[in-house]
Amino acid sequence: MSSAPPRGPPLSRVAVTGGTHGNELSGVCLVKHWLRDPSGLQRRTFAATPVLANPEAAERCVRYINQDLNRSFTAAVLTSEAPPDGPYEVRRAQAIDQLLGPKGSARAFDFIFDLHNTTSNMAACLIASSEENVFAMHVCGYLQKHSRVPCRVYLHGGDIFVSSVSKNGLGLEVGPQPHGVLRADITSQMRSLLAHGLDFIDLFNQGTSFPAFDIVAYKTAGSVDFPRAPGGELLGFVHPKLQDKDFLPLKPGDPIFQLFSGEEIFYEGDATVYPIFINEAAYYEKGTAFIKMEKHTFSIPALEAPGPS
Ligand SMILES: [Zn+2]
């Protein structure tokens with residue numbers, strides 16, 4: 001006899017953060033819309049709170065002002081002195097921690113949906129912390145089954161993102177969409193995913209249990225930088241045979257870069273990986289041409305309807 005499935009309280013405090021990266025316009029524009037008209041975030045058992053996470057970056061249509069907000073939710077940043085003339089994102093991280101946290105506390109929000117776009121051809125990607133996060137994995141399974149937006153699951157394993165401020169959360173990463181551009185198809189997919197995510201929480205709050213299931217998910221296996229000169233200048237580009245092939249298998253010996261000299265560079269790993277964030281515009285500065293992923297199948301236990309709050 002296995003142990004009883006997880007059984008938590010209903011989720012009443014849910015937030016939707018957009019503009020965590022100020023030039024990812026689907027989240028920026030949807031959150032601004034919901035701030036004017038929050039009806040799309042209301043459900044029977046709760047109303048989600050829209051939050052424009054990085055207003056100054058959104059105003060300037062840049063990813064961030066001083067540092068990447070979505071890497072700023074560390075204990076060091078959240079507890080540091082934040083003078084008014086200090087790094088803007090440090091002040092924003094602390095303000096969001098006050099609003100939706102404090103991180104790790106009983107007062108923290110129950111769930112954050114954090115909205116992102118990528119320039120990579122990743123379609124819809126659900127970003128959860130770990131397969132051991134049973135609730136988030138059930139949200140992913142529900143979205144895959146009901147949203148009509150094909151979506152894959154990426155388990156990041158970190159805890160420095162905006163969504164780490166709340167007790168639980170999920171990133172919605174939808175692309176390809178150039179930063180600073182708003183596409184109807186991409187934004188509609190994001191809106192549909194978010195709506196179904198809210199529906200899931202509402203069903204759970206109303207007493208729905210969800211059975212055990214298996215899910216395919218991807219875990220990070222390291223990143224690969226562009227070929228560069230000692231000074232950092234690019235020596236070539238992502239190989240045309242790799243461009244736009246996010247989540248497709250990359251085998252040892254497959255081409256990954258083409259140098260300006262015409263020479264091809266081949267993948268030298270010893271196992272098949274699944275690249276994502278291929279040629280993501282925001283990652284040139286991070287020294288990342290793509291991130292390698294391993295593909296896994298996980299068995300997720302049943303989620304029992306909540307107990308009394
Ligand atoms: Zn982003």
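Rules used throughout
Residues numbered from 1 in each chain as written. Predicted model: local features only at pLDDT ≥ 70, side-chain atom pairs only at ≥ 80, totals over all residues. Heavy atoms only, no water. Donors = N, O, S within 2.8 Å, 3.2 Å for Na, K, Ca; no water. Tetrahedral: all angles 85-135°; square planar, octahedral: opposite > 155°, others 65-115°. Helix = DSSP H or I, 4+ residues; strand = E, 2+ residues; numbered from the N terminus. Patch = residues over 30% accessible without salt bridge, like charges linked within 9 Å, V, L, I, M, F, W, Y side chains within 5 Å. Areas by Shrake-Rupley, 256 points an atom, 1.4 Å probe, with all protein chains shown as cover. Salt bridge = Lys/Arg side-chain N within 4 Å of Asp/Glu carboxyl O. Domains from an automatic or database assignment. Contact = heavy atoms within 4.5 Å. Buried area = accessible area lost by both parts, 1.4 Å probe. Expected span 1.5 Å × (residues − 1). Buried < 20%, exposed > 50% of the residue type's maximum accessible area, 1.4 Å probe, protein only. Phe/Tyr/Trp six-rings, centres within 6.5 Å; stacked < 30°, edge-to-face > 60°.

> Describe the coordination of the zinc ion, naming the residues involved and giving the relevant values.
Of the protein atoms, only H21 (ND1), E24 (OE), E24 (OE) and H116 (ND1) coordinate the zinc ion, at distances of 2.0 to 2.4 Å. One way to put it: the four donor atoms around the zinc ion meet at angles of 57 to 149°, and that makes the site irregular. The sequence pattern describing where the donors of the zinc ion fall on their chain is H-x2-E-x91-H. In this pair, E24 sits in the loop between β1 (14-18) and α1 (25-36) while H116 sits in strand β3 (residues 111-117), placing the two residues 92 residues apart along the sequence.

> I'd like a description of a nonpolar patch on the surface, backed by residues and values.
Together, L234, F237, F260 and Y284 give the surface a local cluster of nonpolar side chains, amounting to about 370 Å² of exposed area. With respect to the helices and strands, F237 occurs in strand β8 (residues 236-238).

> Could you give me a rundown of the domain arrangement of the chain, with the residues and numbers involved?
Along its sequence, the chain is organised into domain 1 (14-216) and domain 2 (225-287). Centre-to-centre separation of domain 1 and domain 2, based on C-alpha positions: 28 Å. Across the boundary between the two partners, domain 1 contributes 14 residues, which contact 13 residues of domain 2. With both sides pooled, the region where domain 1 packs onto domain 2 buries about 1,200 Å², and carbon together with sulfur makes up 53% of that total. A per-residue breakdown of the area domain 1 buries against domain 2 is headed by N121, M122 and R152, which together make up 38% of the total. The residue K286 makes a salt bridge to D68 at a minimum N-O spacing of 2.9 Å.

> Hey, could you go over helix α6 (residues 184-205) for me, with residue numbers and the actual values?
End to end, α6 covers 31 Å across 22 residues, agreeing with the expected 32 Å (1.5 Å per residue, within 8%). Looking at the residues trailing α6, positive phi occurs at G207, about 110°.

> So, unusual backbone geometry: which residues are in play, and what are the values?
In this model, G101 is joined to P102 through a cis peptide bond whose omega is -5°. Unusually for a residue other than glycine, R148 sits at a positive phi of about 65°. Residue classification places R148 among the exposed residues on the basis of a relative accessible area of 83%. At N279, a position not held by glycine, the phi torsion is positive, near 60°. Take N279: it is sitting in the loop between β10 (264-266) and β11 (290-300).

> Report on the packing of aromatic side chains, specifying residues and quantitative values.
Summed over all chains, the structure comprises 15 aromatic pairs. Where Y154 meets F277, the ring centres are 6.5 Å apart and the plane angle is 70°; that geometry is what we call edge-to-face. Taken as a pair, Y154 in strand β5 (residues 151-155) and F277 in the loop between β10 and β11 lie far apart in primary sequence, 123 residues in all. One exposure class covers both Y154 and F277, and it is buried.

> Let's hear about the environment of G8: which residues, and what values?
Locating G8 in the fold gives a position in the segment before β1. On the accessibility criterion, G8 (28% relative accessible area) is partly exposed. Residues G8 and D185 lie 177 residues apart in sequence; the distance between their C-alpha atoms is 35 Å.

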